[in-house]
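Now for the letters of each chain:
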Amino acid sequence: MNIRKAVLSDAKLLCEVRKLQLIDEGIEPDCDIDAELDAFFKKWLASKDFIQLIAEENGKLLSTAAVIYYDLPPSFTNKIGVRGYVTNVYTVPEHRRKGLSKQLLSMLLDDAKSRGIKKLWLGASKDGRPLYEKLGFIQQQSYMELTLED
C-alpha cells in the first residue's frame, strides 16, 4: 500500500470518490455536481491550505481523507485563528475496518500540529463518529446554520 498527497491530476478521481461518499452517507444524488466538484478540487489541490491524502494499492484508491485550513479571526481560544476542516474521509467498502482512515487522519492531525493549528472540526457520519471520538473529537453544539434559498 502507498499513501501519498493528492495532486492536480487526481481531481477527476476525487470527484468520483466524493460522490460515492455522499451517496454512502444517504444523500440523494438529485443534481449534477461534476463541474462544481472539478472546480473545487482544481482550486484546492493547488493550495498549500488543502491536504488530501490517498491510500492506494496497485493504482486503485482504497481510502482518502483531507483537511482544509481556514483563516478566521483570532480568539481567546484560538490565538492564531486558523482552523482545519476535516473532510472527504472515505474508504471503499471492501477495505473498511482495517485502520486506513485512522492512519490517514493521524497523518493529517500531525500536519495540523506542525502548522500550530489548535482547532479542527468536521461533520461526522454515523459510521465515522466512533473513529473520530477515538481520535479525540468531541461533539459540539456551538454553531447555527442557515440555508439560503435560490
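Summarised in this report is the structure supplied together with it. (Residues numbered from 1 in each chain as written. Predicted model: local features only at pLDDT ≥ 70, side-chain atom pairs only at ≥ 80, totals over all residues. Heavy atoms only, no water.)

### A few points about the overall build of the chain
As a reminder, the rule being used: Counting from the N terminus, the helices are the DSSP runs of H or I reaching at least four residues and the strands are the DSSP runs of E reaching at least two. Restricting the calculation to C-alpha atoms gives the radius of gyration, and the globule rule supplies 2.2 Å times the number of residues raised to the power 0.38. Only protein chains enter the accessibility calculation, which uses a 1.4 Å probe. A residue is then buried if its area is under 20% of the maximum for its type, exposed if over 50%, and partly exposed in between. Whether two residues are in contact is decided by their heavy atoms, any of which lying within 4.5 Å being enough. Methods summary: accessible areas were calculated by the Shrake-Rupley approach with a probe of 1.4 Å, and residue burial reflects only the protein chains presented.
Across its full length, the chain carries four helices and five strands. The order of α-helices and β-strands along the chain, N terminus first, is β-α-α-β-β-β-α-β-α. What you see for the chain is a C-alpha radius of gyration of 16 Å, in line with the 15 Å of a compact globule of 150 residues. In the chain, which comprises 150 residues, the proportion classed as buried is 36%. If you take every contact in the chain between residues at least 6 apart in sequence, the share linking residues at least 24 apart comes to 61%. With an accessible surface of roughly 10200 Å², the chain has 54% of that area assigned to carbon and sulfur atoms.

### Some details on the packing of aromatic side chains
Our working definition: In summary, the pairing rule links any two rings of Phe, Tyr or Trp, Trp by its six-membered ring, whose centres are within 6.5 Å, and it sorts them by plane angle into stacked for under 30 degrees, edge-to-face for over 60 and tilted for everything else.
Considering all chains together, one arrives at nine aromatic pairs under this definition. These aromatic residues form a ring-pair network of at least three members: Phe40, Phe41, Trp44, Phe50, Tyr70, Tyr85 and Trp121.

### Examining the environment of Trp44
Inspection of the secondary structure puts Trp44 in helix H2 (residues 34–45). Take Trp44: its relative accessible area is 14%, and that puts it in the buried class. As a C-alpha pair, Trp44 and Arg129 span 85 residues in sequence and 26 Å in three-dimensional space. In contact with Trp44, not counting residues within four places along its chain, are Asp49, Phe50 and Ile68.

### Examining the environment of Lys43
Here Lys43 shows up in helix H2. Along the primary structure Lys43 and Ala11 are separated by 32 residues, whereas in three dimensions their C-alpha atoms are 9.7 Å apart.

### Some remarks on the side chain of Glu56
Rules: Definition of a polar contact: a pair of N or O atoms within 3.5 Å, with one able to donate and the other able to accept a hydrogen when the atoms are protein atoms, and with sequence-neighbouring residues admitted only if both atoms are side-chain atoms.
Residue position: Glu56 is located in strand E2 (residues 50–57). Residue classification places Glu56 among the buried residues on the basis of a relative accessible area of 15%. Looking at Glu56, its side chain comes within polar contact range of the side chain of Arg4, at 2.8 Å. Leave out the neighbours within four places in its chain, and Glu56 touches Met1, Asn2, Arg4, Leu61 and Leu62.

### Describing helix H3 (residues 100–114)
Given 3.6 residues per turn, any residue in an α-helix points the same way as the ones three and four places further on. Rules: Here the expected span of a helix is defined as 1.5 Å times the quantity of residues minus one. Each direction from the helix axis to a C-beta atom contributes to the arc, which is the arc of those directions.
For H3, spanning 15 residues, the distance from its first C-alpha to its last is 21 Å, which sits close to the expected 21 Å at 1.5 Å a residue. For H3, the full list of buried residues reads Leu100, Ser101, Leu104, Leu105, Leu108, Leu109 and Ala112. With its buried residues spanning 165 degrees around the axis, H3 presents them on a single face. Opposite the buried face of H3, at more than 90 degrees from it, the exposed residues are Lys113 and Ser114. Buried residues along H3 sit against strand E1 (2–5), E2, strand E3 (60–70), strand E4 (83–91), strand E5 (119–122) and helix H4 (129–134). Immediately downstream of H3, the backbone of Gly116 shows phi near 80 degrees, a positive value.

### Section: the state of the cysteines
Operational definition: A pair of sulfur atoms, both from cysteines and within 2.5 Å, is called a disulfide here.
Counted under the stated rule, the structure contains zero disulfides. Cys15 forms no disulfide, and the closest cysteine sulfur to it belongs to Cys31, at a distance of 14 Å. Residue classification places Cys31 among the exposed residues on the basis of a relative accessible area of 53%.

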